[in-house]
Amino acid sequence: MTSSTVNLDYVGREYPAAAPYSVGREKVREFASAVGSTHPAHHDVVTARGLGYPDLVAPPTFAVIIAQRAEAQYIEDPAARVDFTRVVHADERFTHHRPIHAGDELVTVLHVDSITERAGLAMVTTRCEISAVVAEQAATEPVATVVSTLAVRGEGL
Amino acid sequence: MTEQGPGRPSLASLSVGDAVGSRTVEVDRARLVRYAGASGDFNPIHWNDELARGVGLPGVIAHGMFTMAAAVALVEDWAGDPGAVVDYQTRFTRPVPVPATGVTTIEVSAVVGALDPDAGTVRVDLTATCEGARVLGKSQAVVRL
């Protein structure tokens, strides 16, 4: 093995949507409390509805829960050779096509957009396209795009 | 959402450089455990000192995603509507070490970075520092007002 071991063959790989993630009120409250998001629209349904939402609004980074589940399909694949204990998060971006709210059923398609290597450091960029299942139309509605870059340090770095 | 509620800033009244606000975030190990459970991110570098040192870190570090989330709460409150944050990005420039006992303090501040009247959005630029060093880079939230 060289100092960086991430498998470059995974660039361009796409992982189709798996079972939907159900956004629950208590999960929205739990996540908001954990990060110190005290805005009442995360906690109080009446306030959220007063702002025009159907239910509690998720905090701006809530989608990381869903994205990291999807990313695990790639990161936990032994053949991808991403050593999670040697991973440092380099950057993250959330683009919301509409806010996530309690009651959403969300599905995610994961893309491995790029893997670059330099001096034993591999930079791995993934993109999660998150959509809501619209049951009555048997269709999906774009909700969020989450782009994440991980830096994977090789042995000795 | 487009409702103009009380306390919501109006785009026309804002100028680049205006202060959005500041706050202090205190992080201890219990906070990291709580974030791990809430987010599902159980990477042991966020709770196991021995393992963190074994991979070359100074010890347990905060989840970058915790810092990112805690910082933007300031913007949510300023906007008056959490759903108004339509885009949010950051780089993680330095780790935030969190001791086994006691707290680490992160100072967060934000200013108006750019205005886009056609899109009806404002870009808020966030700064987060720990012991005087920036821990987030190019941290920008786009807010629809």
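Just so it is clear, the model here is predicted, and its values are computed rather than measured.

1. Side note on the overall build of chain B
Scanning chain B for helices and strands turns up three helices and six strands. Mapped from its N terminus to its C terminus, chain B presents α and β elements in the order β-α-α-α-β-β-β-β-β. Split into buried and exposed, the 145 residues of chain B put 39% on the buried side. For chain B, the share of sequence-separated contacts (at least 6 apart) that also reach a separation of at least 24 residues comes to 65%.

2. What to know about the overall build of chain A
Helix and strand content of chain A: three helices and six strands. In sequence order, the secondary structure elements of chain A are arranged as β-β-α-α-α-β-β-β-β. For chain A, the C-alpha atoms occupy an extent of roughly 55 × 35 × 20 Å along the three principal directions. Every one of the 157 residues in chain A was classed for burial, and the buried ones make up 38%. Sequence-distant contacts, at least 24 apart, represent 73% of the contacts inside chain A between residues at least 6 apart.

3. With respect to the environment of D104 of chain A
All names here are of chain A. Tracing the chain through its elements places D104 in the loop between β3 (87–96) and β4 (105–118). Put simply, D104 and P16 are 88 residues apart on the chain and 19 Å apart in space, counted from C-alpha to C-alpha. Ignoring anything within four residues of it in the chain, the contact list for D104 reads V23 and A132.

4. Brief notes about unusual backbone geometry
In this structure, R81 of chain A is a non-glycine residue whose phi angle is positive, near 55 degrees. Tracing the chain through its elements places R81 of chain A in the loop between α3 (63–75) and β3.

5. A short note on the interface of chain B and chain A
Taken together, the contact between chain B and chain A spans 35 residues of the former and 33 residues of the latter. Taken together, the elements giving at least two residues each to the side of chain B that touches chain A come down to α1 (29–39), α3 (64–79) and β2 (85–92) of chain B. When residues in the side of chain B that touches chain A are grouped by element, the largest group, ten residues, is from α3 of chain B. Per-class residue counts for the side of chain B that touches chain A are 20 nonpolar, seven polar and eight charged.

6. Considerations on helix α1 (residues 25–35) of chain A
Residues and elements named next belong to chain A. Residues V28, F31, A32, A34 and V35 constitute the buried set of α1. Considered in projection along α1, the buried side chains sweep an arc of 160 degrees and stay on one side of the axis. Following α1 by one or two positions, G36 adopts a phi angle in the positive range, close to 80 degrees.

7. A look at the UniProt feature "domain: FAS1-like dehydratase" (unreviewed entry) in chain A
As recorded in UniProt, the feature "domain: FAS1-like dehydratase" (unreviewed entry) lies at residues 11–131 of chain A. Along residues 11–131 of chain A, the helical share is 25% and the strand share 32%, with 23 Å between the first and last C-alpha atoms.

8. Some thoughts on α3 of chain B
The periodicity of an α-helix, 3.6 residues per turn, causes residues three or four places apart in sequence to face the same way. With 16 residues, α3 of chain B ought to run about 22 Å at 1.5 Å a step, and its terminal C-alpha atoms sit 23 Å apart, in line with that. Directly beyond the C-terminal end of α3 of chain B, a positive phi value near 80 degrees is found at G80 of chain B.

9. As for the nonpolar core
Soluble, globular proteins show a tendency: their nonpolar side chains are buried together. Counting 72 residues, the largest nonpolar core has A63 of chain A together with V72 and V75 of chain B as its most contacted members. Counting residues per element, this core draws most heavily on α3 of chain B, at twelve residues. Those residues in contact with A63 of chain A, other than ones at most four positions away along the chain, are F94, I100, I130, A144 and V146 of chain A. One finds V82, I115, A122 and V152 of chain A within the second-largest nonpolar core, a separate group that totals seven residues.

10. Topic: the confidence of the model for chain B
Looking at chain B, pLDDT values average 94 and 96% of them are 70 or higher. Contacts from residues 1–5 of chain B, a stretch scored under 50 in pLDDT, to residues over four places away or in other chains number eight contacts.

11. Concerning the UniProt feature "domain: MaoC-like" (unreviewed entry) in chain B
UniProt tags residues 20–124 of chain B as "domain: MaoC-like" (unreviewed entry). Between the end C-alpha atoms of residues 20–124 of chain B the distance is 8 Å, and the span holds 31% helix and 31% strand.

12. Thoughts on the environment of V86 of chain B
In this structure, V86 of chain B sits in strand β2. Not counting chain neighbours up to four residues away, the residues in contact with V86 of chain B comprise H96 of chain A together with T121, V142 and R144 of chain B.

13. Notes on the environment of A151 of chain A
Residues and elements named next belong to chain A. Summarising the element assignment, A151 is placed in strand β6 (residues 139–153). Accessibility expressed as a C-beta count within 10 Å gives 16 for A151, which makes it partly exposed. Separated by 65 residues in the primary sequence, A151 and R86 have C-alpha atoms spaced 8.2 Å apart. Setting aside residues no more than four positions away along its own chain, A151 makes contact with V88, A90, L121 and M123.

What counts, and at which threshold
- Residues numbered from 1 in each chain as written.
- Chains lettered and ligands numbered in written order.
- Predicted model: local features only at pLDDT ≥ 70, side-chain atom pairs only at ≥ 80, totals over all residues.
- Helix = DSSP H or I, 4+ residues; strand = E, 2+ residues; numbered from the N terminus.
- Buried ≥ 20, exposed ≤ 12 C-beta atoms within 10 Å, placed from the backbone.
- Contact = placed C-beta atoms within 7 Å.
- Nonpolar A, V, L, I, M, F, W, Y, C, P; charged D, E, K, R; others polar.
- Arc of directions from axis to C-beta.
- UniProt positions renumbered as here; feature names shortened; annotations may be inferred.
- Expected span 1.5 Å × (residues − 1).
- Core = buried A, V, L, I, M, F, W, Y, C linked by C-beta atoms within 7 Å.
- pLDDT = per-residue confidence, 0-100.

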